[in-house]
Amino acid sequence: MYLLEQLINGICQGSIYALMAIGYAVIYGVVGLVTFTYGEIIMMGSFSAFYYFILFGDNLFFALIAGFITAAVVGIVVHKVCYQRFLDAPRYISLICTIGMSMFLKNFATIVFGSEMKGMPAFFAGKFIEIGTIRVGYMQLLIIGVVIALSLVLTIYLKKTRMGMKLRAVSQDKKAAALVGINVKTTTLIGNCIGCGLGGVAGILLGVYYNSVLPTMGGMAGLKAFSSMVLGGLGSISGAAIGGVLIGVVENLGIALTSSGLRDVFAFLLLVLVLVIRPQGLFGKKGN
Amino acid sequence: MTEKLKTFYNKRKTIILLVLFAMAIALPFLIEKGSVMSLIVRIMFYIILASSLNIINGYSGQFNIGHAGFVLIGSYTLSILAQLGWPIWVLYILAGVVTSIIGLIIALPTLRLRGIYLALVTLGFSEILRLIALNWTGLTGGPMGIKGIPAPWFFGLRSTAPHNYYFIVLFFVIICLFTSYRVINSKVGRAWMSIREDDHAAMSLGVDIRKYKAINFMFGAFWAGVGGALMAPFYTFIDSSMFSLDEGFNILSMVIIGGQGTLIGPVVGSVVVNLTTEIFRFADEARLLIYAIMIMAMMWIRPQGLAGTSRSVIANRSLGKERGTFLKKLLKKKEVK
């Protein structure tokens, strides 16, 4: 029973990772560059919700929207500083630039927001559904629901709308997209903003789930997002989602069997194993 | 500028090297302040670490961003065995050997991987090693770290005072740079560079890529281990938080700022980065902000690094077809207006 409960915790946490990874996959697909700033964008989203709760009261729905917008705005800054200039340059240049940006945002947040841990308001505290002997919290259901809803919206957006079509075209081939008359620059920027916004929402969910926000929370979150995406296969959105859930489940089952200090060891061990056995990721295509 | 310096250096190689060596020897006698001296020792640690990373990233084109993991292995190897009473001098080398074996173990399954996948594996390994060090309390002291690491005997002096420890570090820095220089200008070094430029072409010319990549990783890891081992007796205390991913990024920034794929680059990077962070110490937390801005500005203005030439492939591609610096571009824009 204990293991089953951990499994549910894992799915819940994994769905937050999945949302982060989906955002990352959108960014990676459209921009085509790896970023280390993503964790800090998650953190910024989380903090925007924290201040939203203080200023306007505890309304989770509007806080999520505020987080999306804040993260998207930060995304524009990151795009201007780290990607736009280096799209054709060797990849590591923009990578280093994002490392610098991540350092900047982290320390900026530490100075402006303070380095101590801040509490988030608890939603549905202590409320849960009992199925047999297993308890599933309202919060967990809400998180899973939000993640599923957002992924559905994103899928419809990418598949059915004109803008989504442009985004997919750009992520497949920038030159060909430009040839058929798509404004690659703007589309890249918009794609990056959407990815960052999803990351911001995931950050809020993470903050609400653990009832705390920290300026340094981004580093590990960003790495988990990155790992989830690579686990599923670079740039594949559904793969990223599955990778995220998988990492969440493995982590929680792992700490249930050993000690909680080893949480991240399991995540990275899974990642290293997958990369060594199947470098293109679980659902990636060969030859990349 | 760099071209002129290069020709000047090539003309009077021996004299310049001798003068530099004499200056390095004289340095601790000229500087009395302990704090300045310990800054210099710290710079020299990072020269070793950045050079070792440069061997991996700059010369064979593999992308290792979890270098802190190797440093951790070296540091902990020395600290644990030193507490059991092993002689420190032997341990410096042994730490390097252990680290290079770990480097081989990491390299073997990852030889197939390239670019970002390899980067991710090294990152994961670095973090796994740190978390193991944090949680294996019996061996590593866990969150408490290891205290009271003894310093080696050196001409009858057993002291961690920076003035004495400087000579030990200087010894290893010279050996590190010298061996790197020799290896890079050997068959092995040329094989690494051919892999960096084009691995398929290298393979078709009969370069055993897997073997040379593994050697590359081992060589880099060896010096990272020695560098980590050197750090431990100087600080007399280590814990796992000293080897976080940020530390790995820090070393990487030094290599990039100095200039990848040049022998002198990591030296320049280490000096510049450590000095600037030291100068801005008064700014307290904002110090890291300045560092971050410096990294980004570097990528905008001079992505090939301070010591890299403007003829480098990196420099040309990133700034578009036209050559010239960022400042020149700015000036041009003004003229148009």
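Residues numbered from 1 in each chain as written. Chains lettered and ligands numbered in written order. Predicted model: local features only at pLDDT ≥ 70, side-chain atom pairs only at ≥ 80, totals over all residues.

J.: Tell me about the overall build of chain A, residues and numbers included.
T.: The helix and strand tally for chain A stands at 11 helices and four strands. Each principal axis of the C-alpha atoms in chain A carries an extent, and together these give about 60 × 45 × 35 Å. Out of the 288 residues in chain A, the part that is buried amounts to 55%. For chain A, the share of sequence-separated contacts (at least 6 apart) that also reach a separation of at least 24 residues comes to 76%. (Helix = DSSP H or I, 4+ residues; strand = E, 2+ residues; numbered from the N terminus. Buried ≥ 20, exposed ≤ 12 C-beta atoms within 10 Å, placed from the backbone. Contact = placed C-beta atoms within 7 Å.)

J.: So what about the overall build of chain B? Which residues, and what values?
T.: Within chain B one finds 16 helices and two strands. Relative to its 337 residues, chain B shows a buried fraction of 44%. Of all intrachain contacts in chain B linking residues separated by at least 6 positions in sequence, the fraction that spans at least 24 positions is 75%.

J.: Outline the pairing of strand β3 (residues 134-137) of chain A, supporting the account with residue identities and numerical values.
T.: Here strand β2 (residues 128-131) of chain A pairs with β3 of chain A via four bridges, running antiparallel. The residue of β3 of chain A that forms the bridge with I131 of chain A is I134 of chain A. (Pairing = 2+ DSSP bridges.)

J.: Quick rundown of the interface of chain A and chain B? Include the residues and the values.
T.: Every contact between the two is made by 34 residues of chain A and, on the other side, 35 residues of chain B. Those elements giving two or more residues to the side of chain A that touches chain B turn out to be α4 (91-113), α9 (217-232) and α11 (263-277) of chain A. Examining the composition of the side of chain A that touches chain B, we find that 13 residues originate from one element, α4 of chain A, more than from any other. Among the residues making up the side of chain A that touches chain B, the classes are represented as 25 nonpolar, six polar and three charged. (Nonpolar A, V, L, I, M, F, W, Y, C, P; charged D, E, K, R; others polar.)

J.: So, the confidence of the model for chain B: which residues are in play, and what are the values?
T.: Residue and element names in this part refer to chain B. Per-chain confidence: chain B averages 82 in pLDDT, with 89% of residues scoring 70 or above. Segment residues 316-324: pLDDT under 50, and 11 contacts once partners within four positions in sequence are set aside and those in other chains are kept. Among the scores for the predicted complex, ipTM is 0.83 and pTM is 0.85. (pLDDT = per-residue confidence, 0-100.)

J.: How would you sum up helix α2 (residues 38-56) of chain A? Please name residues and give values.
T.: Residues and elements named next belong to chain A. For α2, spanning 19 residues, the distance from its first C-alpha to its last is 27 Å, which sits close to the expected 27 Å at 1.5 Å a residue. In terms of burial, α2 is largely enclosed, as 15 of its 19 residues are buried. Backbone geometry just after α2 places G57 at a positive phi near 90°. (Expected span 1.5 Å × (residues − 1).)

J.: Describe the nonpolar core, with residues and values.
T.: Counting residues in each nonpolar core, the largest one holds 191 residues, and the members touching the most others are L19, A21, I22 and Y24 of chain A together with I48 of chain B. Ranked by the residues each element gives to this core, the list is headed by helix α1 (residues 2-31) of chain A, at 15 residues. Discounting residues that sit within four places of it in the chain, I48 of chain B has contacts with F172, V173, C176, W223, V226, G227 and L230 of chain B. (Core = buried A, V, L, I, M, F, W, Y, C linked by C-beta atoms within 7 Å.)

J.: Describe the packing of α1 of chain A against helix α5 (residues 138-160) of chain A, listing the residues and the values that go with them.
T.: How two helices sit against one another is set out by the angle between their axes and by the gap between those axes. All names here are of chain A. Contact geometry of α1 with α5 gives a least axis separation of 9 Å together with a crossing angle of 30°. With respect to their mutual orientation, α1 and α5 come out roughly parallel. As for the relative orientation of α1 and α5, their crossing is left-handed in sense. In this structure, α1 contributes I8, I11, C12, S15, I16, A18, L19 and I22 to the contact, and α5 contributes Q140, I143, I144, V147, L150, S151 and L154. Per-class residue counts for the contact of α1 with α5 are 12 nonpolar, three polar and no charged. (Axes fitted to C-alpha atoms, helices over the stretch in contact; angles between N-to-C directions. Parallel < 35°, antiparallel > 145°, perpendicular 65-115°, else oblique. Left-handed = near helix turned anticlockwise from the far one by under 90°.)

J.: Tell me about the domain arrangement of chain B, and please be specific about residues and values.
T.: Residues and elements named next belong to chain B. Looking at chain B, the domain boundaries give domain 1 (1-30) and domain 2 (31-336). The greatest single-element share of the side of domain 1 that touches domain 2, amounting to four residues, is contributed by helix α2 (residues 13-30). Within the side of domain 1 that touches domain 2, the residues separate by chemical class into four nonpolar, one polar and no charged. (Domains from an automatic or database assignment.)

J.: Give me α4 of chain A: which residues, what numbers.
T.: Between its first and last C-alpha, α4 of chain A extends 32 Å over 23 residues, near the 33 Å set by a 1.5 Å rise per residue. Phi turns positive, to about 90°, at G114 of chain A, one or two residues after α4 of chain A.

J.: Talk me through the packing of helix α3 (residues 60-83) of chain A against helix α8 (residues 184-210) of chain A; I want residue IDs and the actual numbers.
T.: Residue and element names in this part refer to chain A. Between α3 and α8, the shortest axis-to-axis distance is 7 Å and the interhelical angle comes to 135°. By the angle class used here, α3 and α8 are oblique. As α3 runs across α8, the sense of the crossing is right-handed. Facing A63, L64, G67, F68, T70, A71, A72, V74, G75, I76 and H79 of α3, the residues of α8 in contact are L189, N192, C193, C196, G197, G199, G200, V201, G203 and I204. Partitioned by chemical class, the residues of the contact of α3 with α8 number 12 nonpolar, nine polar and no charged.

J.: So what's going on with unusual backbone geometry? Which residues, and what values?
T.: Leave glycine aside and you will find that most residues have negative phi; peptide bonds, for their part, are mostly trans. Although it is not a glycine, N211 of chain A adopts a positive phi angle of roughly 55°. In this fold, N211 of chain A is placed in the loop between α8 and β4 (212-213). Given 15 C-beta atoms within a 10 Å radius, N211 of chain A is considered partly exposed. The phi angle at T236 of chain B is positive, at roughly 55°, despite the residue not being glycine. Here T236 of chain B shows up in the loop between α11 (209-235) and β2 (237-238).

J.: Could you give an account of the environment of I247 of chain A, with specific residues and numbers?
T.: Residue and element names in this part refer to chain A. Relative to the assigned elements, I247 resides in helix α10 (residues 237-257). Remark: the alpha-carbon pair of I247 and L231, spanning 16 residues in sequence, is separated by 8.6 Å. Non-local contacts of I247, meaning those with residues more than four positions away in its chain, are made with G14, Y17, K224, S227, S228, L231, A267 and L270.

J.: Break down the environment of L170 of chain B for me, with residues and values.
T.: Residue and element names in this part refer to chain B. Relative to the assigned elements, L170 resides in helix α8 (residues 162-184). Here L170 falls in the partly exposed class, since 18 other C-beta atoms lie within 10 Å of it. Taking the C-alpha atoms as reference points, L170 and F21, separated by 149 residues in sequence, lie 9.7 Å from one another.

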